[in-house]
Structures are given as structure tokens and as C-alpha cells.
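Analysis of the macromolecular model
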Amino acid sequence: MDIGRNDPCPCGSGKKYRYCCEQKTDSEVRLVQLYSRIKARHKPYLFLLDETLTLFDQAMDFSIASNALSLIKSILFLNDASATSALCLRNVMESRALIAMRDAGGIDRDKLELFNYQPALIEYDVYYGDKSLVATGCLDNEQLEKNYKQAARKFLPFVGNDYGKLEKLSRTYLPFLCDKSVTFQKIIKQYLGEQSAAYNYLTRIVHPKSIKEISKERLDEIQTETLNYLTARYGNFPIEQNDIAPAAQDVETHIREADELEQLQDKFQNIVNELRGLPQSSMSESVDIFNEIALALFDIHFDHAVGLGEIVLSKFRVIAEYIAESYKVLDGSNEAPSYTKLVKDYFSEVLDGVGMREVDTGNTIAYNANDYFTLLYRVSSSVSHGNGYLWFRHLEAGRYQDDVIGFIDRAVKTLSIRLRDIFNKHGDTRTADLYDKAYIMLKVLDS
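All values derive from a computational prediction rather than experimental measurement.

A few words on the overall build of the protein chain. Helix and strand counts for the protein chain stand at 18 helices and two strands. For the protein chain, the proportion of its 447 residues judged to be buried stands at 54%. Contacts in the protein chain between residues at least 24 apart in sequence constitute 72% of all its contacts with a sequence separation of at least 6. Surface summary for the protein chain: the accessible area is close to 19900 Å², and the carbon and sulfur share equals 47%.

It is worth spelling out the side chain of Ser-381 at this point. Considering the arrangement of structural elements, one finds Ser-381 in helix α16 (residues 369-383). In this structure the side chain of Ser-381 is engaged in a polar contact, spanning 2.9 Å, whose partner is the backbone oxygen of Tyr-377. Leaving out residues up to four positions away in the same chain, Ser-381 has contacts with Tyr-173 and Arg-317.

According to the stated counting rule, one finds 18 salt bridges in the structure shown. Between Asp-299 and Lys-73 there is a salt bridge, with its nearest N and O atoms 2.5 Å apart. Here Lys-73 lies in helix α2 (residues 56-76) and Asp-299 lies in helix α13 (residues 284-305), a separation of 226 residues in the sequence. Take Asp-299 and Lys-73: they sit in the same class, and that class is buried. For Glu-113, the salt bridge goes to Lys-154, with nearest N and O atoms at 3.3 Å.

With that settled, consider the environment of Met-356. Within the element layout of this structure, Met-356 appears in the loop between α15 (339-354) and β1 (358-359). Its relative accessible area of 11% is what places Met-356 among the buried residues. When the C-alpha positions of Met-356 and Arg-410 are compared, they lie 9.1 Å apart, and in sequence the two are 54 residues distant. The residues contacting Met-356, other than those within four sequence positions of it, are Leu-351, Ala-369, Phe-373, Phe-407 and Arg-410.

This next bit is on unusual backbone geometry. With a phi close to 55 degrees, Asn-161 is a non-glycine residue in the positive phi region. In this fold, Asn-161 is placed in the loop between α6 (141-155) and α7 (163-170). A residue is classified by how much of its surface remains accessible, and Asn-161, at 57% relative accessible area, is exposed. Backbone geometry at Cys-178 places phi at a positive 60 degrees, although glycine is not the residue there. Residue Cys-178 is classed as buried on the basis of its relative accessible area, which comes to 17%.

Within the largest apolar cluster, 128 residues are counted, with the highest numbers of intra-cluster contacts made by Leu-98, Phe-176, Phe-316, Ile-323, Phe-373, Phe-407 and Ile-408. A per-element tally of this core places helix α14 (residues 309-330) first, with 13 residues.

A few words now on helix α4 (residues 109-127). When the terminal C-alpha atoms of α4 are compared, their 29 Å separation across 19 residues agrees well with the 27 Å that a helix rising 1.5 Å per residue should span. The principal kink in α4, of about 45 degrees, is found at Asn-116, preceding the proline Pro-119 by one to four residues. Lys-111, Leu-114, Phe-115, Gln-118, Pro-119, Ala-120, Leu-121, Ile-122, Glu-123, Tyr-124, Val-126 and Tyr-127 are the residues of α4 that are buried. Backbone nitrogen of Asp-110 and a side-chain oxygen of the N-cap are separated by 3.2 Å at the start of α4; the cap is Asp-108.

For the structure shown, the criterion picks out seven aromatic pairs. Ring centres of Phe-115 and Phe-176 lie 5.0 Å apart, and the angle between their planes is 90 degrees; this geometry places the pair in the edge-to-face category. With Phe-115 in helix α4 and Phe-176 in the loop between α7 and α8 (184-191), this residue pair connects regions lying 61 residues apart in the sequence. Ring centres of Tyr-124 and Tyr-148 lie 3.9 Å apart, and the angle between their planes is 15 degrees; on these two criteria the pair is classed as stacked. Highlighted residues: Tyr-124 in helix α4 and Tyr-148 in helix α6, separated in sequence by 24 residues. In this structure, Tyr-124 and Tyr-148 share a single accessibility class: buried. Through successive ring pairs, a cluster of aromatic residues spans Phe-56, Phe-115 and Phe-176. Over the ring of Tyr-229 we find Arg-96, and its NZ or CZ is 4.1 Å from the ring centre.

Given a rise of 1.5 Å per residue, 19 residues ought to cover 27 Å, and the 25 Å separating the end C-alpha atoms of helix α10 (residues 216-234) matches this to within 8%. Inspection of α10 places Leu-219, Ile-222, Gln-223, Thr-226, Leu-227, Tyr-229, Leu-230 and Tyr-234 among the buried residues, and these make up the whole buried set. Across the axial projection of α10, the buried residues extend over an arc of 165 degrees, all falling on one side. Exposed residues lying more than 90 degrees from the buried face of α10 are Glu-217, Glu-221, Asn-228 and Ala-232.

Structurally, the position occupied by Ser-384 is in the loop between α16 and α17 (397-425). You can call Ser-384 buried: its relative accessible area is 1%. Every residue in contact with Ser-384, bar those within four places of it in the chain, is listed here: Leu-87, Arg-90, Asn-91, Ser-314 and Arg-317.

Before going further, it helps to examine the packing of α4 against α6. A pair of packed helices is characterised by two quantities: the angle between their axes and the separation of those axes. Between α4 and α6, whose axes approach to 8 Å, the crossing angle comes to 135 degrees. It follows that α4 is oblique to α6 by the angle criterion. Of the two possible hands of crossing, α4 and α6 adopt the one that is left-handed. Where α4 approaches α6, its residues Glu-113, Leu-114, Tyr-117, Gln-118, Ala-120, Leu-121, Glu-123, Tyr-124 and Tyr-127 are matched on the opposing element by Leu-144, Glu-145, Asn-147, Tyr-148, Gln-150, Ala-151, Ala-152, Lys-154 and Phe-155. When grouped by side-chain class, the residues that make up the contact of α4 with α6 number 11 nonpolar, three polar and four charged.

At a minimum axis separation of 11 Å, α2 and α10 run at an interaxial angle of 125 degrees. Taken together, the axes of α2 and α10 lie oblique to each other. The hand of the α2/α10 crossing is left-handed. Of the residues in α10, those in contact with Asp-61, Ile-64, Ala-65, Ala-68, Leu-71, Ile-72 and Ile-75 of α2 are Gln-223, Thr-226, Leu-227, Tyr-229, Leu-230, Arg-233 and Tyr-234. The class makeup of the residues in the contact of α2 with α10 is 10 nonpolar, two polar and two charged.

Each value, and the rule that gives it
- Residues numbered from 1 in each chain as written.
- Predicted model: local features only at pLDDT ≥ 70, side-chain atom pairs only at ≥ 80, totals over all residues.
- Heavy atoms only, no water.
- Helix = DSSP H or I, 4+ residues; strand = E, 2+ residues; numbered from the N terminus.
- Buried < 20%, exposed > 50% of the residue type's maximum accessible area, 1.4 Å probe, protein only.
- Contact = heavy atoms within 4.5 Å.
- Areas by Shrake-Rupley, 256 points an atom, 1.4 Å probe, with all protein chains shown as cover.
- Polar contact = N/O pair within 3.5 Å; in protein donor to acceptor, adjacent residues only side chain to side chain.
- Salt bridge = Lys/Arg side-chain N within 4 Å of Asp/Glu carboxyl O.
- Core = buried A, V, L, I, M, F, W, Y, C linked by side-chain atoms within 4.5 Å.
- Expected span 1.5 Å × (residues − 1).
- Bend = angle between axes of the 7 residues up to and from the residue.
- Phe/Tyr/Trp six-rings, centres within 6.5 Å; stacked < 30°, edge-to-face > 60°.
- Lys NZ or Arg CZ within 6 Å of the ring centre and 35° of its normal.
- Arc of directions from axis to C-beta.
- Axes fitted to C-alpha atoms, helices over the stretch in contact; angles between N-to-C directions.
- Parallel < 35°, antiparallel > 145°, perpendicular 65-115°, else oblique.
- Left-handed = near helix turned anticlockwise from the far one by under 90°.
- Nonpolar A, V, L, I, M, F, W, Y, C, P; charged D, E, K, R; others polar.

Put into C-alpha cells, the structure is as follows:
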């Protein structure tokens, strides 16, 4: 269909075509339209989180929409060949698999009812007994225990009234299925068989040990299939034009606001490319890890700009593991601990390095920074999957997304200074100067 330059833009922004999408490529126009529709679908859920988002269909829709918005945003800003974008792709696939499982009769009514109660189990397992949170007034242990007991009454008949089994079940990503042997990998193999290889690939590259496997070509293939699914799911969603227009204007505004950030990222990437062009003796592994952490930092700044607080926390697990891995590499350690132990071993060193010892809770008692960010890592581990559980009621997204971004900002800049000093010490001033330029570039993010 031919569109006149003065016709209303088909993206739904309410602007004339010549002032909106005329200068975009066809693929960019389609992405903005899809983003606008998903955003309009996503927004109402933000007002329901404390009450009704335990319902399976709503939780899955919110999970898919949140991850899809973050993914499309990364594609629009050319920041999609990264571990954090791979996490969004994986989470969408996991939610799709659970929906397919339900539609095929693999989740009965009893399990769907249990889905309503599983947040209480997960929150109790993560939070209960955290004296620091209680002391700072951020946590009501009595309410936490009350919610847990209510949920336990529902779950116990399915685990032989065995509290030990219930405790183990609470530490899985899918408690409501009442079978800790059931994993996302098995569900995807059974219900999305053709996506099994892609899922295994995404699961590997969200962790730092597989950083060398990150491939833009491979990710593009998975993105194409995922975008086709999202278009089929949301592309014809029956919403009114006056619902689409604010979302379209919203994304256009954020894209304009992100232009400076995008330009900054491009300049930073040029520095990294120079680093990669240096001899292998210049610690190529540290360059890859540093680049991945910095890309993730830009990514969550974008998420923050477009109001995706729940995704910032979801990505924290991935970024925390990369930061801990970078410290391990710089320390010359050859150990291969679990990621939980890796983060635990290096978080205190990272926090000392960035000068963070306490977190202001807004009350008279500050929270020990090591305890706080270790707790956020545990929270992020629970919400960094497509199980529909993206929100913990005891820490508001508006608060922890700022804490997470502030921590990672400081960690990446401290890492660049540490790398600069290492190379200066060994007389490699060329590499040291590039890390110094990276540090100066990253400081601009503060403003």
C-alpha cells in the first residue's frame, strides 16, 4: 500500500508519515509497530503485580511481553549480540514452552491453582531469616511466614505432606509442577522440540564460561524465529488506535532520548575493537569479558529508560556472574566453581573495589552492601527465567533497578581502571591508554 508523506503514520503514533517512519527501513518500521503493540499490552500489568499476576495466563503474558520489549529495544539500538539479549530470547522460549505444555494438557487444573501460590514459596525460601532486611524495615517476616503457610497447605498433599520435599521444591524454577526432575530443557524438548538446540545454545551463552560461543549470526537466526512468534502473538492484537498511539509516541520519545547513549556505545565499541586488534598477549579473555559487562551496562540503561524495571533485576544475575568471572580471570585463578560460589567468593572483593560498603534503605539502619547484593543475586536467580515470576513484592522495582545500575556502573568503571593499571605496570601503555579511554567514556553514563 502506498503511503502519502502527509498521511497518518501506519505505526500508530498519530504523526504524519514524513515526521515519523519515512526515514526508517521496513524492518525498523515493523519493529516499532510491534514494540508499540506489545507496550500497550504490557502496561496494564504493572498495576496488577501485587494482586492478580499469580494467574498463569497473565503471568506468562507479562513475562513474554517484558522480555520481548527489552529484546526489540536491543535490536533497535544495535545492542542485541550479547548475553543479556540471549537471556531475553531464552525467557520468551521458556514461557512459550509452558503455554504449549498447558495447551497440550500437560498442566492440569490442580497445578494451575498451585501456580497462584508458588510466589509465596519462592519468596519465603529467598528472604526468610534475613535479619538485615527485617532490621532495616524492608521485610515483614510475619507476613512472609503467613503467606508461606497458606501456600504450604496447598502444596503438601502433592508432596506426601513432606516439608523436606516442599523445601527442595521451593528451590526449583517450577515449584507448581510438583516434580523437581522436570526442567525447562525437558519441557522445551517435549513441547517445542524444533527449538531444543537453540534453547541449549542460549542457556550456555548467558554464562561467562561460554563467552566465546556468542555469535551474532546464530543469535540473528533465533531472533528471527522469536520475532515471527511475537508478531503472530501480538501483531493483530485487538486494541484501539487510541491505545496504540501513546505507546508508539512513547517508543519514539525513548528512541530519540537514547540517541546520545547509542552514539556513546558506538564510540565505546570502537575502543573495544582496537583492544581486540592488539596482540594476544594483551589478555584477550579480559577484553571479551569487559566488553560483555559494558554491553550489559548499556543494555540495562536502555531498559531503565523505557521503564522495564523488572528486566533490570532479571539481568542482574547474568551481569553479576560476568563481573565475578572478570575478577577471577584477573586474579589468575584456574578454579571452576559453581556460579553461585563464584559470585559469593568475589562479591566482597568487587564491592571493596568500588567502595560500596553500605546501601541506604531510606531508614535509620543501612544495609550491608555485600549482604544486599548477594540477596539481589538470589532474587535475580529466581526471576531470570520464563516462569512468569518477574516481581518480588518485598523490594520495589523502582528502588532496586537504581541500586543494580549504580553498582554495575561503578563495577565496570573500576574494572577498566584496574585493567589500565595492570597494563601500565607491565609497560603496555597502548592497551592501558585504551582502557583509560573506556573509563572516561563510561563516566559519561553518570550524566
